[in-house]
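The lines below spell out each chain.
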Amino acid sequence: MLYRATVIVHLVDGTFELFRYFLSPAAAFDRSTPEELRAVRGVVASMLGMLEGGATHVGVATDHVIESFRNGLWPDYKTGEGMDPLLHAQFEPVEDALRALGVVVWPMVDFEADDALAAAAAMAAADGRVEHVVICTPDKDLAQCVRGDRIVQLDRRTKGLRDESGVREKFGVSPASIPDWLALVGDSADGFPGLPGWGARSAATVLARYEHLEHIPKLAMEWDVPVRGAMRLATTLTEQRGRALLFRELATLRADAPIDADVDALRWTGARDDFSAWSERLGTPSLHERASALAHARTPR
């Protein structure tokens, strides 16, 4: 009997990883790597470590620029204003270094890295060979992409894995309702405030029953779930429904983001020749040695 090998796809939020390593206290004590590349080194070493840990199919999404089409929809949407120039200067180098490592990179311009992750998750889940899609980010936006235990979220810092039941436990709603939930409670990281009076608990209670904004009855007396201050919340939603729908659009990830890749393209087959130079530039020649050893170990005999 022939058995077909199953595939686990790992999708990584490269922008989050870059921020994480830039803010890491350990980076300040790293004298082997130039200061302007320390976060890059952290991300590259982390991705290599993931591969050494058994990952075979990997894609990394980045925000090549911070602004996206959402900035045209809401003027207060997040921008790069106030970002540390030392961090901003590492956006392009991390993309180049990861490509040299042999990893597929999606640098987003009009869309965001989260959109690319959503598109890649949908693409991978549609492939019958794929057993699991692991979206590596703790970002609550990506919870909307979780499907059963087939598409899951992984916080690489805490090792916490979140499937669909985990999303319900964390937010009180299904993955499909996450954009609606964010529309009501707001997302300070992305720069939109939600609706006055609506909090995480009230939004979860109502959406757990009605799922989407347009299904919520306009009159509080028609709600069949107990919510404190229901009349005030219903009035606010009725008066600001247009704003709520706009916020939901901001929170909804675009699975049509251009990624131009299939599952086979995500399979890691080894670093490119220029990864040796990148390893030297990052002050860690051992990265190239480790990548070469891993590629050799995975070469069919």
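Look a little higher up for the structure.
Cut-offs applied
- The residue count restarts for each chain, going from 1 along the sequence in the order it is written.
- At least 70 in pLDDT is required for a residue's local features to be given in this predicted model, at least 80 for side-chain atom pairs to be given and counted, and no such filter applies to totals for whole chains, interfaces and linings, which use all residues.
- Just so you know, side-chain values use all the structure's heavy atoms and leave hydrogens and water out.
- What counts as a helix is a DSSP run of H or I of at least four residues, what counts as a strand is a run of E of at least two, and both are numbered from the N terminus.
- Counted as positive: Lys and Arg. Counted as negative: Asp and Glu, with His and the chain ends omitted from the count.
- Where a charge lies is defined by one atom per residue type: Lys uses NZ, Arg uses CZ, Asp uses CG and Glu uses CD.
- Per-residue accessibility, obtained with a 1.4 Å probe over protein chains only, is compared with the maximum for each type, and a residue is labelled buried under 20%, exposed over 50%, and partly exposed between these values.
- This arc describes the spread of directions from the helix axis toward the C-beta atoms.
- Contacts between residues were defined by any pair of non-hydrogen atoms, one from each residue, lying within 4.5 Å.
- Only rings of Phe, Tyr and Trp enter the pairing, Trp through its six-membered ring, and a pair is recorded when the two centres are within 6.5 Å. The plane angle decides the type: under 30 degrees is stacked, over 60 is edge-to-face, the rest tilted.
- Lysine and arginine charges are scored as sitting over a ring when NZ or CZ, respectively, is within 6 Å of the ring centre and within 35 degrees of the ring normal.

*Asks:* Explain the overall build of the chain to me, using residue names and the numbers behind them.
*Replies:* Helix and strand counts for the chain come out as 13 helices and six strands. Considered along the principal axes of its C-alpha atoms, the chain spans approximately 70 × 60 × 30 Å. Here the chain holds 33 positive side-chain charges and 44 negative ones, and the gap between their average locations is 5 Å.

*Asks:* Tell me what's going on with helix H10 (residues 230–239), and back it up with residues and numbers.
*Replies:* Every α-helix winds through 3.6 residues per turn, so residues three or four apart in the chain are directed the same way. When H10 is considered as a whole, its buried residues turn out to be Ala230, Leu233, Ala234, Thr236 and Leu237. The arc that holds every buried residue of H10, seen down its axis, measures 160°, which confines them to one face. Exposed residues on H10 whose side chains face more than 90 degrees from its buried face are Met231 and Glu239. Looking at the packing, one finds that the buried side of H10 touches helix H8 (178–185), helix H9 (200–210) and helix H11 (241–251).

*Asks:* I'd like a rundown of the packing of aromatic side chains, residues and numbers included.
*Replies:* Within this structure, the stated rule accounts for six aromatic pairs. For the ring pair phenylalanine 19 and phenylalanine 91, a centre distance of 6.5 Å and an interplane angle of 75° mean the geometry is edge-to-face. Of this pair, phenylalanine 19 sits in helix H1 (residues 14–22) while phenylalanine 91 is found in helix H5 (residues 91–101), placing the two residues 72 residues apart along the sequence. Phenylalanine 19 gets classed as partly exposed once you look at its relative accessible area, which sits at 28%. Note on phenylalanine 91: relative accessible area 5%, which makes it buried. The ring of phenylalanine 69 carries the charged tip of arginine 254 above its face, separated from the ring centre by 5.1 Å.

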